[in-house]
Amino acid sequence: MVSLLWAGLLLGCGFGVAARLGHFCLLRGLRQVHSGGGDAPALRAYALALAVAIVASQSLASMQHIDLARAQIVRTAFGVPGVLLGGTLFGFGMVMAQSCGARALVLLAGGNLRALVVLASLGLAAQATLTGVLAPLRQGLQGIGQVNLDAATLPAQLQAAGMNDGLAVLVAALPPVAVLLGFALRKGVLRRMPRDALAAVVVGLLVALGWWITSHVDVDPFDPAALTSLSFIAPVAETFLYLQVAVGREMSLGPVVVFGVLVGAFAVALANGSLHLEGFDSPQRLWAAIAGGCLMGFGGVLAVGCSIGQGLSGLSTLAFASVPACSGIVLGTFIGLKAEPSIRSLGGK
C-alpha cells in the first residue's frame with residue numbers, strides 16, 4: 001500500500017515534470033499580457049489548468065470521493081483586507097524575484113542558484129509570519145474587516161439555498177469553466193503548443209489528485225486531517241525548518257511534495273540538456289531576489305496561499321476566500337510589472 005509520503009513524493013514529481021516541460025508560470029503569462037505582445041500562451045495554459053482543476057475537483061466532490069469543506073484553504077471566516085493585501089504583496093514580490101515559489105523550485109532543479117536565494121528568503125519570511133516575530137502583525141492584519149459567511153464555497157451556498165447537490169455544483173462550476181476554456185482555447189494558440197497544453201492539463205489533474213490523496217491515503221477515520229493539495233508557501237517554510245530540526249520531528253507531506261518537485265524537474269532538466277548553473281550578475285539583483293522572496297513569504301501566509309495554492313488549488317474548491325487572494329495576486333503582479341523599470345534600476349539587469 002502506498003503511504004501518504006510516497007504519494008506526496010509522486011505528486012510533487014508529477015508537478016515538477018509538467019511545470020518544467022511546459023514552462024508553467026502565472027507570472028510569465030501576466031507578463032505577456034502586460035507587454036501587449038503575442039497571444040499570452042502562458043496565461044492561456046494557466047487558464048486551462050485552472051479549468052481542469054475545477055472540473056476534476058468538483059467532479060470528485062459531487063461523487064462524494066472528497067469533501068472539499070474539509071480543505072484547509074476553505075474558510076467561512078476571513079479578513080478580506082488582509083487576504084487582499086497578502087495577495088498583492090505576493091504578486092509584487094513575484095515580479096521582484098522573477099518567479100513564484102513553485103517556479104523557483106523548478107528553476108533551482110535546473111541549476112538556477114538565484115532561485116535558491118528566493119526560496120530561502122521566502123521560507124524564512126513565511127516561517128517568521130506563521131510562528132515567528134511577524135506572527136502578531138499577521139494576526140492583526142487578518143483580524144481587520146472579518147466576514148463570517150454561512151457557507152465557504154459557492155456550491156455550498158447554493159445547496160444551503162435549497163438546490164440539490166449535483167445541480168449546485170453544475171451551476172457554480174459551469175460559468176467559470178466555460179470562461180476559462182473559452183479564453184484558453186481561443187485562437188488555437190495552445191493547439192500550436194501541445195506540450196504546454198498537455199502540461200497544463202496534467203497540472204490541473206494533479207490539483208484534484210492532491211485532494212484525493214489527502215482524503216484517502218493514510219487517513220485516520222477517528223481523526224481525519226484537513227484536505228490539502230498543491231501549495232508552496234508553508235511547505236517551503238516547513239522544508240527549511242525540517243532541514244534544521246529534523247531530529248525528533250516527523251517528516252510531513254509539504255516537504256515531501258517540495259522534494260518531489262525538485263526531483264521531477266531535475267530529471268527533466270537532465271534529460272533535455274537544460275541543466276546548467278546560473279548565478280547573479282550584480283549584487284543589486286541579489287537584493288531584489290531577497291526582497292521579492294520575503295514579500296512572497298509574508299504575503300503568501302497572509303493570503304493563505306500562492307499563485308498555485310490559491311490560484312489553482314484554492315479556486316478549484318470555488319471558495320469565496322480565494323477570490324480576494326487571487327485578485328490581490330493579479331493586482332500586485334501588474335503593479336510590479338508597471339514598476340519594473342524602477343525595480344530594474346535598483347536591481348540591475
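Residues numbered from 1 in each chain as written. Predicted model: local features only at pLDDT ≥ 70, side-chain atom pairs only at ≥ 80, totals over all residues. Heavy atoms only, no water.

Concerning the environment of Asp 220
Operational definition: Counting from the N terminus, the helices are DSSP H or I runs at least four residues long and the strands are E runs at least two residues long.
Note that Asp 220 resides in the loop between α10 (194-216) and α11 (234-244). Distance in space between the C-alpha atoms of Asp 220 and Leu 9 is 20 Å, their sequence separation being 211 residues.

Quick look at helix α1 (residues 4-22)
Note the threshold: In a helix, the anticipated span is given by 1.5 Å times the number of residues less one. For the exposure calls, accessible area comes from a 1.4 Å probe over protein chains only, and a residue counts as buried if that area is under 20% of its type's maximum, exposed if over 50%, partly exposed in between. Any two residues whose heavy atoms approach within 4.5 Å at even a single point are treated as in contact.
For α1, which comprises 19 residues, the first-to-last C-alpha distance of 27 Å matches the rise-based estimate of 27 Å (1.5 Å per residue) to within 8%. Of all the positions in α1, only Ala 7, Gly 8, Leu 9, Leu 11, Gly 12, Cys 13, Phe 15, Gly 16, Ala 18, Ala 19, Arg 20 and Gly 22 are classed as buried. On its buried face, α1 sits against α2 (26-35), α5 (101-109), α10 and α12 (253-272). Just beyond α1, the residue with positive phi is His 23, at close to 50°.

Quick notes on the pattern of salt bridges
Keep this limit in mind: Think of a salt bridge as a Lys or Arg side-chain nitrogen and an Asp or Glu carboxyl oxygen that are within 4 Å of each other.
Overall, the coordinates contain four salt bridges when judged by the stated rule. Salt-bridge contacts for Glu 340 lead to Arg 31; the nearest nitrogen and oxygen are separated by 2.7 Å. Within this pair, whereas Glu 340 is found in helix α16 (residues 340-347), its partner Arg 31 is found in helix α2, the two being separated by 309 residues in sequence. A relative accessible area of 27% places Arg 31 in the partly exposed class. A salt bridge links Arg 114 to Glu 278; the nearest nitrogen and oxygen atoms lie 3.3 Å apart. Residue Arg 114 is found in helix α6 (residues 113-130), and its partner Glu 278 is found in the loop between α12 and α13 (283-302); the two are separated by 164 residues along the sequence. The network of salt bridges with common partners includes Asp 39, Lys 187 and Arg 192.

Describing the state of the cysteines
As a reminder of what qualifies: The disulfide criterion used throughout: a pair of cysteine sulfur atoms within 2.5 Å.
The tally for this structure, following the rule as stated, stands at zero disulfides. Lacking any disulfide linkage, Cys 25 is separated from the closest cysteine sulfur, that of Cys 100, by 5.4 Å. Its relative accessible area of 6% is what places Cys 25 among the buried residues. With relative accessibility at 4%, the residue Cys 100 sits in the buried group.

Considering the packing of aromatic side chains
The criterion, for reference: Under the pairing criterion, centres of Phe, Tyr and Trp rings, with the six-membered ring standing for Trp, must be within 6.5 Å; the plane angle then separates stacked pairs below 30 degrees from edge-to-face pairs above 60, leaving the rest tilted. Here, a charge over a ring means that NZ of Lys or CZ of Arg falls within 6 Å of the ring centre while also lying within 35 degrees of the ring normal.
One pass over the full model with this rule turns up two aromatic pairs. Taken together, a centroid distance of 5.3 Å and an interplanar angle of 35° make the contact between Phe 15 and Phe 232 tilted. Highlighted residues: Phe 15 in helix α1 and Phe 232 in the loop between α10 and α11, separated in sequence by 217 residues. Phe 15 sits in the buried class, given a relative accessible area of 1%. Between Phe 24 and Tyr 46, the ring centres sit 5.6 Å apart and the planes meet at 20°, which makes this aromatic pair stacked. Here Phe 24 is found in the loop between α1 and α2, whereas its partner Tyr 46 is found in helix α3 (residues 41-62), with 22 residues between them in sequence. Taken as a pair, Phe 24 and Tyr 46 share a single burial class, namely buried. Seen from the ring of Phe 183, Arg 44 lies directly overhead, with NZ or CZ sitting 4.6 Å from the centre.

Looking at the side chain of Asp 196
What counts is decided by this rule: Positive: Lys, Arg. Negative: Asp, Glu. His and the chain ends are not part of the count.
Counting through the fold element by element, Asp 196 comes out in helix α10. Put simply, Asp 196 is tucked away with no salt bridge, and the nearest opposite charge, on Arg 195, sits 4.4 Å away.

Some points on unusual backbone geometry
You will see that Ala 40, though not glycine, has its phi angle at about 50°, which is positive. Tracing the backbone shows Ala 40 in the loop between α2 and α3. With a phi angle near 60°, Val 304 is a residue other than glycine that sits in the positive phi range. Along the chain, Val 304 turns up in the loop between α13 and α14 (309-316).

Things to note about α2
For α2, the set of buried residues is Leu 26, Leu 27, Gly 29, Leu 30 and Gln 32. Contacts made by the buried residues of α2 are with α3, α4 (80-97) and α15 (322-338).

Brief notes about the environment of Val 207
Inspection of the secondary structure assignment puts Val 207 in helix α10. A relative accessible area of 0% places Val 207 in the buried class. Not counting residues within four places of it along the chain, the set of residues in contact with Val 207 comprises Ala 53, Ser 57, Ser 229, Leu 230, Leu 312, Ser 313 and Ser 316.

Observations concerning the nonpolar core
Filter applied, for reference: Buried Ala, Val, Leu, Ile, Met, Phe, Trp, Tyr and Cys residues form a nonpolar core when they are joined through side-chain atoms within 4.5 Å.
Counting residues in each nonpolar core, the largest one holds 86 residues, and the members touching the most others are Phe 15, Phe 24, Leu 230, Phe 232, Ile 308 and Leu 312. Top contributing element to this core by residue count: α3, with 13 residues. Among residues more than four places away in sequence, those in contact with Leu 230 are Leu 11, Phe 15, Leu 206, Val 207, Val 257, Ile 308, Gly 309 and Ser 313. Counting five residues, the second largest nonpolar core, distinct from the first, contains Phe 78, Val 83, Ala 303 and Ala 325.

Just distances and angles here, no functional claims.
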